[in-house]
Amino acid sequence: MNNYIITITRQFGSLGRPIAGKLAEMLGIEYYDRDIVERTAKEMGENIKVISEQEEKADGNFAWMKIPFGIATSEKQDAIFDIEREVIEKCASKQSCIVVGRCADAILSDRKNAIHVYIYAPFEERLRNCVDILKMDEKEARKTIKEVDRMRDAYHRRYAGFLPGDPEHKNILIDSSMLGVNGTAKYLAELVSYKFASDEDDK
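Report follows, based on the coordinates. (Residues numbered from 1 in each chain as written. Predicted model: local features only at pLDDT ≥ 70, side-chain atom pairs only at ≥ 80, totals over all residues. Heavy atoms only, no water.)

1. What to know about the overall build of the protein chain
Of regular secondary structure, the protein chain possesses 8 helices and 5 strands. In the protein chain, the succession of α and β elements from N to C terminus is β-α-β-α-α-α-β-α-β-α-α-β-α. For the protein chain, buried positions account for 46% of its 203 residues. Long-range pairs, those at least 24 residues apart, make up 71% of the contacts in the protein chain between residues at least 6 apart in sequence. Working note: accessible area of the protein chain is about 10500 Å², and carbon and sulfur atoms make up 48% of it. (Helix = DSSP H or I, 4+ residues; strand = E, 2+ residues; numbered from the N terminus. Buried < 20%, exposed > 50% of the residue type's maximum accessible area, 1.4 Å probe, protein only. Contact = heavy atoms within 4.5 Å. Areas by Shrake-Rupley, 256 points an atom, 1.4 Å probe, with all protein chains shown as cover.)

2. Some thoughts on helix α7 (residues 138–159)
A rise of 1.5 Å per residue sets the reference length of α7, with its 22 residues, at 32 Å; its end C-alpha atoms lie 31 Å apart and thus fit the reference within 8%. Within α7, the full set of buried residues consists of A141, T144, I145, V148, D149, M151, R152, Y155, H156 and Y159. Where α7 begins, one side-chain oxygen reaches toward the backbone nitrogen of K139, 3.1 Å away; that side chain belongs to D137. Looking at the residues trailing α7, positive phi occurs at G161, about 90 degrees. (Expected span 1.5 Å × (residues − 1). Polar contact = N/O pair within 3.5 Å; in protein donor to acceptor, adjacent residues only side chain to side chain.)

3. What to know about the side chain of S96
Relative to the elements of secondary structure, S96 occurs in the loop between α4 (74–94) and β3 (97–100). A distance of 3.0 Å separates a polar side-chain atom of S96 from the backbone nitrogen of Y4. When residues no more than four places from it in sequence are discounted, the contact partners of S96 are N2, N3, Y4, I29 and E30.

What follows is the structure in structure tokens.
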């Protein structure tokens, strides 16, 4: 099987990040998420430790979930995106990998060896995940879900030109509440393996 890429965009609370991690483990491929921010910071000469701490911070308001949204002026955000795009393209050119968020679906849209996935779930299921798994206060979780969804939509529309869940730009849209983390990852792993094995057979 030749190299391939999976991009994953997701709703907040849909467990898209752990699904992506489990999928990478099942497929035995690289997984890029927060390390893209760290590589970008390094390229820009920014303090990686500070960005890492912001990414990993999980205090009461879950501010780290909003990275990279609203953390800089428009000009600075544009510069960050330009470097993130270069980092994502380099990662995708080296080996099979999964890239989470950051408009990777748009950045890698011309790659024939890419599958673009959108992970979503009903609001109440996402709320339950935030409270039970992320240990968020329910009131704060409700507020954060709405705020992060709004920010992700605005960010994606600005840099990709379309909403993250737009079916015209996705190969797969899946409700993670149907199968959970392991089940969703297993389903996607089987689909990806079949897709690229079939492509090889057709040659």
